[in-house]
Amino acid sequence: MTGSRPLVILFHSDASDPRWPDAIQRALPDFEMRRTLDGVPPEDVAAAVVWKHPPGLLEPLTNLKLIQVLGAGVDHFLADTRLPKGVPIARLVDPGLTARMSEYVLMHTLALHRRLPESARAQRDGRWDFIHPQPPERTCVGILGLGELGQACAAALSGIGFRVLGWSRSRRSGMAFETYAGEVERSAFLRQCDILVLLLPLTAQTRDIVDARFFDEIRPGAALINVGRGALVDDAALVAALDEDRLRHAVLDVFRQEPLPPEHPFWTHPAITVTPHNSSATNPDTAMAQVTENIRRAVSGQTPLHLVDPAAGY
Ligand code: GLV
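Residues numbered from 1 in each chain as written. Predicted model: local features only at pLDDT ≥ 70, side-chain atom pairs only at ≥ 80, totals over all residues. Heavy atoms only, no water.

Peer 1: Now, about the overall build of the protein chain: what can you tell me, with residues and values included?
Peer 2: Per the secondary structure count, the protein chain includes nine helices and 12 strands. Counting only C-alpha atoms and orienting by the principal axes, one finds that the protein chain spans roughly 75 × 40 × 30 Å. Expressed as a percentage of its 314 residues, the buried residues of the protein chain come to 50%. Contacts in the protein chain between residues at least 24 apart in sequence constitute 63% of all its contacts with a sequence separation of at least 6. Accessible surface for the protein chain amounts to roughly 14,900 Å². Of this, 53% is attributable to carbon and sulfur atoms. Separation of charge centres in the protein chain, based on 32 positive and 37 negative side chains, amounts to 3 Å. (Helix = DSSP H or I, 4+ residues; strand = E, 2+ residues; numbered from the N terminus. Buried < 20%, exposed > 50% of the residue type's maximum accessible area, 1.4 Å probe, protein only. Contact = heavy atoms within 4.5 Å. Areas by Shrake-Rupley, 256 points an atom, 1.4 Å probe, with all protein chains shown as cover. Lys, Arg positive; Asp, Glu negative; His and termini not counted. Charge placed at Lys NZ, Arg CZ, Asp CG, Glu CD.)

Peer 1: Run through the site of the ligand, naming residues and quoting values.
Peer 2: As a structural note, the neighbourhood of the ligand is formed by Trp51, Gly71, Ala72, Gly73, Leu97, Arg229 and His277. Within the backbone of Ala72, one N or O atom sits 2.7 Å away from an oxygen atom of the ligand. Between the ligand and His277 there is a distance of 2.8 Å, counted from an oxygen atom to a side-chain nitrogen or oxygen. When the ligand sits alone it has 190 Å² of accessible area, and the protein chains cover 85% of it. (Near = heavy atom within 4 Å. Polar contact = N/O pair within 3.5 Å; in protein donor to acceptor, adjacent residues only side chain to side chain.)

Peer 1: Outline the nonpolar core, supporting the account with residue identities and numerical values.
Peer 2: A general tendency of soluble globular proteins is for nonpolar side chains to be buried together. Counting residues in hydrophobic clusters, the biggest one holds 39 residues, and the most contacted among them are Trp20, Ile24, Leu58, Ile67 and Ile295. If you list the elements that add at least two residues to this core, you get strand 1 (8-13), helix 1 (20-27), strand 3 (45-51), strand 4 (66-69), strand 5 (89-90) and helix 9 (284-299). The element best represented in this core is strand 3, accounting for seven residues. When residues no more than four places from it in sequence are discounted, the contact partners of Ile295 are Ile9, Leu28, Phe31, Ala47, Val49 and Leu66. (Core = buried A, V, L, I, M, F, W, Y, C linked by side-chain atoms within 4.5 Å.)

Peer 1: Tell me what's going on with the packing of aromatic side chains, and back it up with residues and numbers.
Peer 2: Considering all chains together, one arrives at three aromatic pairs under this definition. Consider the rings of Tyr180 and Phe189, whose centres lie 6.0 Å apart with planes at 50°: the pair is tilted. Summarising the burial analysis for this pair, Tyr180 and Phe189 share the class buried. Taking 5.8 Å as the distance between ring centres and 85° as the angle between the ring planes, the aromatic pair formed by Phe214 and Phe215 counts as edge-to-face. (Phe/Tyr/Trp six-rings, centres within 6.5 Å; stacked < 30°, edge-to-face > 60°.)

Peer 1: So what about the packing of helix 1 against helix 9? Which residues, and what values?
Peer 2: The geometry of helix 1 relative to helix 9 is characterised by a closest axis approach of 10 Å and an angle of 50° between their N-to-C directions. Considered as vectors, helix 1 and helix 9 are oriented oblique to each other. Crossing geometry of helix 1 relative to helix 9 is assigned as right-handed. Side by side, helix 1 and helix 9 meet where Trp20, Ala23, Ile24 and Ala27 of the first sit next to Pro284, Ala287, Met288, Val291, Thr292 and Arg296 of the second. For the contact of helix 1 with helix 9, the class distribution of residues is eight nonpolar, one polar and one charged. (Axes fitted to C-alpha atoms, helices over the stretch in contact; angles between N-to-C directions. Parallel < 35°, antiparallel > 145°, perpendicular 65-115°, else oblique. Left-handed = near helix turned anticlockwise from the far one by under 90°. Nonpolar A, V, L, I, M, F, W, Y, C, P; charged D, E, K, R; others polar.)

Peer 1: Mind laying out the pattern of salt bridges, listing which residues take part and the relevant values?
Peer 2: Per the stated rule, a full pass over the model turns up 22 salt bridges. Residue Arg115 pairs with Glu118 through a salt bridge whose shortest N-O separation is 3.8 Å. Judged by its relative accessible area of 32%, Arg115 falls in the partly exposed class. Assessed through its relative accessible area of 18%, Glu118 is described here as buried. Notably, a salt bridge pairs Arg127 with Asp129, separated by 2.3 Å at the nearest N-O pair. Judged by its relative accessible area of 38%, Arg127 falls in the partly exposed class. Here the residues in one salt-bridge network are Glu183, Arg186, Arg213 and Glu217, joined through shared partners. (Salt bridge = Lys/Arg side-chain N within 4 Å of Asp/Glu carboxyl O.)

Peer 1: Any chance you could break down the sheet that holds strand 6 (residues 140-144) for me, citing the residues and the numbers?
Peer 2: Read across the open sheet, the seven strands follow the order 8-7-6-9-10-11-12; overall the sheet is parallel. Each having just a single partner strand, strand 8 (178-181) and strand 12 (272-274) make up the two edges of the open sheet. With strand direction ignored, the average angle separating the axes of adjacent strands in the sheet is 15°. Bridging between strand 9 (residues 195-198) and strand 10 (residues 222-226) involves four bridges; their strand directions are parallel. (Pairing = 2+ DSSP bridges.)

Peer 1: Account for the pairing of strand 9, with residues named and values stated.
Peer 2: Burial along strand 9 is two-sided: the face carrying Ile195 and Val197 and the face carrying Leu196 and Leu198 are both buried. Handedness of the strand 9-helix 7 (residues 212-217)-strand 10 crossover: right-handed. (Right-handed = clockwise from strand over helix to strand, strands pointing away.)

Peer 1: So, helix 6 (residues 182-190): which residues are in play, and what are the values?
Peer 2: Of the positions making up helix 6, those classed as buried are Gly182, Arg186, Phe189 and Leu190. Relative to the axis of helix 6, the buried residues are bounded by an arc of 85° and lie together on one face. Taken together, the buried residues of helix 6 touch strand 6, strand 7 (163-168), strand 8, strand 9 and helix 7. (Arc of directions from axis to C-beta.)

Rendered as structure tokens:
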């Protein structure tokens with residue numbers, strides 16, 4: 001309480017599940033849930049739950065104990081140069097989001113492994129192209145980014161028999177599959193993979209990581225699934241790799257500009273599958289528990305779960 005007034009939770013998101021604000025209010029009835037700062041004394045706001053907020057929104061909140069970002073990736077959030085200093089920032093680790101992401105990656109990996117894009121093109125041309133089905137063990141899937149989502153996708157893919165390898169910028173130990181780390185081990189990793197899955201956070205170090213040099217290092221005819229962030233990939237280098245048949249197909253769920261502009265060449269490229277950043281999404285049914293727990297922890301002086309390291313960018 002601030003005097004006799006209840007502590008305020010500020011919610012801002014135009015893109016999340018519309019049930020969030022009511023779900024937060026129901027789960028935390030002793031707080032007051034507000035969707036704007038209109039008429040709210042800034043010092044009353046104890047926690048902010050945000051996704052793609054306007055830069056500077058949180059700057060006046062002098063008593064903020066927690067910023068809960070409503071997503072797995074925090075690159076948009078950290079792009080705000082006017083964030084209040086020293087306030088813990090948590091990202092969401094949502095079992096529902098993780099499960100939907102694993103399904104999406106499994107679905108598209110299977111489609112690429114069973115040559116569905118090639119069959120669709122053959123159908124359009126009225127060609128009966130028999131493509132011999134292969135067992136999953138023959139396909140090596142490389143996951144770039146070994147956080148919660150990368151590890152869950154690796155488990156799902158290994159579970160149905162794919163050979164899975166992982167790569168991350170810094171070494172991750174204790175994985176149930178073979179892993180590679182850093183620049184020096186990257187080409188040894190890329191050389192082996194038939195399908196590459198991008199699940200890296202977007203940071204200054206990973207921006208444009210998938211560039212012309214990356215495509216020179218991949219196994220010829222490999223395919224790419226990008227479910228991380230659009231800016232991990234150099235768009236022109238991707239189109240060139242497809243047009244030169246170094247890359248067989250790309251499944252893209254995330255883009256530098258979203259919605260993908262109507263004139264963008266990805267829409268009509270025959271070797272690109274576009275989905276509208278819906279590989280996965282947070283949902284209050286599965287993520288509310290973490291939000292509630294974090295707000296309770298933050299206001300009682302305990303460390304919140306899944307804190308972000310702003311210096312690392314994730
Ligand atoms: C979605 O893109 C997320 O980061 O949760």
